[in-house]
Amino acid sequence: MNRKHTRKVMVGNVAVGGGSKVTLQSMTNTDTRDVEKTLNQIKQLADAGCDIIRCAVPDMEAAKAIKKIVKGSPIPVVADIHFDYKLALECIKNGISAVRINPGNIGSEERIKCVVDAAKAKNIPIRIGVNSGSLEKDILEKFGSPTPEALVESALRHVRILEKFDFHDIVVSIKSANVVRMIEAYRLASETIKYPLHLGVTEAGTAFRGTIKSSIGIGTLLAEGIGDTIRVSLTDDPIEEIKVGKELLKSFGYKEDSIQFISCPTCGRTQINLINIAKEVEKRLADCKKNITIAVMGCVVNGPGEAKEADIGIAGGNGVGLIFKKGEIIKKVKESELVDELIKEVENM
């Protein structure tokens, strides 16, 4: 897949853009002032596959807590700043890996320059975060609503401000809760913005609806080669964001440190409890770091034949199942032993 080329920036020790791997982000939902609780969640997210984490910084107490959070975090930390540029300055002083500011509410160019100068001195990037709910008044008046063109104009305005101050370590996000608007905005941005794009459908919803909306929005753009880093925004435990994001990236071949899992939808030919078996296999191999494809199929029709590209898999029968590798049957076992035998074979690969 041909990806759009963008400038490479470093968020801590993680490269974003410039042909680097598409990175996966999330955001803590703890009180940032509670350092222990925030660090515990960051570590859980890192273990789940998160590459970069963002923390809300609503006040100076939270900005000061960033110092300990950065020190204890296993992954780069981004400070999420709204309204008060002094919070960004404090976070930069305290070792943050990147700063996310919303140009629509951060204030005057003079205040932005203060943040730029501090970031430049520490060699950290600034993410310009544009949302449809916080566009500048003059842009809203010009376009009448937060259209894709309005979102991109806002982003470009602030890119140019940073460039005016000779700052180029920039990441841009242009989010909307409307999937079609989000897709069109990023398409427009990719034609005019040379910096890495952070993809996401903002306020996507609960796990069910948010997963669907994010998969359509982020997935469409990734399929077009657009996007350098992503966040799936869900009204749920942030771990769920990472799970969905990982599956998205795996679907495009952008994440190779975990399994690809395929299973058939079941039909009248199915003679084993395929749904439970598939769930059990997925659960037991959730932390598997092998770059392999595993198939759980309901019958011999959809087994070795249709899943022959899988490295290993199961094909169900009448109370029994076949275990196959690369389309070749290697053993026949009882249904009750299928999962254990499959896991053994995976462990030996």
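Placed above this text is the structure.
Residues numbered from 1 in each chain as written. Predicted model: local features only at pLDDT ≥ 70, side-chain atom pairs only at ≥ 80, totals over all residues. Heavy atoms only, no water.

J.: I tried to follow the side chain of Arg231 on my own but got confused; where do I start?
T.: On the secondary structure map, Arg231 appears in strand 10 (residues 229-231). Separated by 3.0 Å, the side chains of Arg231 and Glu241 make a polar contact. Filtering out sequence-adjacent residues up to four positions away, Arg231 remains in contact with Gln25, Ser26, Met27, Arg54, Lys175, His198, Leu199, Gly200, Ile218 and Glu241. (Helix = DSSP H or I, 4+ residues; strand = E, 2+ residues; numbered from the N terminus. Polar contact = N/O pair within 3.5 Å; in protein donor to acceptor, adjacent residues only side chain to side chain. Contact = heavy atoms within 4.5 Å.)

J.: Where do I start with the state of the cysteines in this structure?
T.: What is meant by a disulfide is a covalent connection between two cysteines, made through their sulfur atoms. In this structure the tally under the stated criterion is 0 disulfides. The structure places no disulfide on Cys55, whose sulfur is separated from the nearest cysteine sulfur, that of Cys91, by 9.1 Å. You can call Cys55 buried: its relative accessible area is 0%. In this model Cys114 remains outside any disulfide bridge; the closest cysteine sulfur is found in Cys91, 15 Å from its own. Note on Cys114: relative accessible area 32%, which makes it partly exposed. (Disulfide = S-S within 2.5 Å. Buried < 20%, exposed > 50% of the residue type's maximum accessible area, 1.4 Å probe, protein only.)

J.: So what exactly am I meant to see when it comes to the pattern of salt bridges here?
T.: One side chain can pair with another of opposite charge once the charged atoms of both are near each other. One pass over the full model with this rule turns up 24 salt bridges. A salt bridge links Arg7 to Asp169; its shortest N-O distance comes to 3.3 Å. Pair noted here: Arg7 is in the segment before strand 1 (9-11) and Asp169 is in the loop between helix 7 (148-164) and strand 8 (170-175), with a separation of 162 residues, a long-range link. When its relative accessible area of 24% is taken as the criterion, Asp169 is described as partly exposed. (Salt bridge = Lys/Arg side-chain N within 4 Å of Asp/Glu carboxyl O.)

J.: Sorry, what's going on with the environment of Lys332 here?
T.: Checked against the element boundaries, Lys332 lands in strand 15 (residues 328-334). Residues Lys332 and Lys21 lie 311 residues apart in sequence; the distance between their C-alpha atoms is 40 Å. Setting aside anything within four residues of it in sequence, one finds Lys332 in contact with Val320, Gly321 and Leu322.

J.: Any chance you could explain the sheet that holds strand 15 here in plain terms?
T.: Within a beta sheet, neighbouring strands are joined by backbone hydrogen bonds and run either parallel or antiparallel to one another. Across the sheet, 5 strands lie side by side as 11-12-13-14-15; this open sheet has mixed pairing. Either end of the sheet is taken by a strand with one partner, and the two such strands are strand 11 (260-263) and strand 15. Each strand axis lies, on average, 20 degrees off the axis of its neighbour in the sheet, ignoring direction. Sheet topology places strand 12 (residues 293-297) next to strand 13 (residues 312-316); 4 bridges connect them, and they run parallel. When the bridges of strand 13 are listed, Met297 appears paired with Ala315. Running at roughly 160 degrees to strand 12, helix 11 (residues 274-284) makes contact with strand 11, strand 12 and strand 13 of the sheet. (Pairing = 2+ DSSP bridges. Axes fitted to C-alpha atoms, helices over the stretch in contact; angles between N-to-C directions.)

J.: Looking at this structure, I do not really get the pairing of strand 3 (residues 23-27). What am I missing?
T.: Remark: a regular strand shows side chains that alternate across the two faces of the sheet. Of all 5 residues in strand 3, 5 are buried, a share of seventy percent or more. Taking every second residue as pointing to the same face, both faces of strand 3 are buried, with Thr23, Gln25 and Met27 on one and Leu24 and Ser26 on the other. Pairing analysis gives 3 bridges linking strand 3 to strand 10, with the strands arranged parallel. Paired with Thr23 across the strands is Thr229, a residue of strand 10. Bridge count between strand 3 and strand 4 (residues 52-56): 3 bridges; the pairing is parallel. Its bridge partner lying in strand 4, Ser26 is registered against Ile53. One crossover worth recording links strand 3 to the parallel strand 4 by way of helix 1 (residues 35-48), and it is right-handed. (Right-handed = clockwise from strand over helix to strand, strands pointing away.)

J.: Where do I start with the packing of helix 2 (residues 60-72) against helix 3 (residues 85-93) in this structure?
T.: Any two packed helices are characterised by the angle at which their axes cross and by the distance between the axes. Closest axis-to-axis distance for the helix 2/helix 3 pair is 8 Å, and the angle between their directions is 15 degrees. For the element pair helix 2 / helix 3, the angle class is roughly parallel. Between helix 2 and helix 3 lies a crossing whose hand is right-handed. Listed contacts from helix 3 to Met60, Ala63, Lys64 and Ile66 of helix 2 are Lys86, Leu87, Glu90 and Cys91. Residues belonging to the contact of helix 2 with helix 3 are distributed by class as follows: 5 nonpolar, no polar and 3 charged. (Parallel < 35°, antiparallel > 145°, perpendicular 65-115°, else oblique. Left-handed = near helix turned anticlockwise from the far one by under 90°. Nonpolar A, V, L, I, M, F, W, Y, C, P; charged D, E, K, R; others polar.)

J.: Whenever I open this one, the nonpolar core confuses me. Can you help?
T.: It is characteristic of soluble globular proteins that their nonpolar side chains tend to be buried jointly. Ranked by size, the top nonpolar core spans 78 residues in total, and within it Val57, Ile81, Ile96, Val172, Ile174, Ile193 and Leu199 carry the most contacts. Among the elements that line this core, the one with the most residues is helix 7, at 8 residues. (Core = buried A, V, L, I, M, F, W, Y, C linked by side-chain atoms within 4.5 Å.)

J.: Which parts of the structure should I look at to understand helix 11?
T.: Within an α-helix, residues lying three or four positions from one another point in the same direction, as the helix has 3.6 residues per turn. Within helix 11 the residues assigned to the buried category are Leu274, Ile277, Ala278 and Val281. Viewed along the axis of helix 11, the buried residues span an arc of 100 degrees, placing them on a single side of the element. Those residues of helix 11 that are exposed and angled more than 90 degrees off the buried face are Ile275, Lys279 and Lys283. Among the structural elements, strand 11, strand 12, strand 13 and helix 13 (338-347) are those in contact with the buried residues of helix 11. (Arc of directions from axis to C-beta.)

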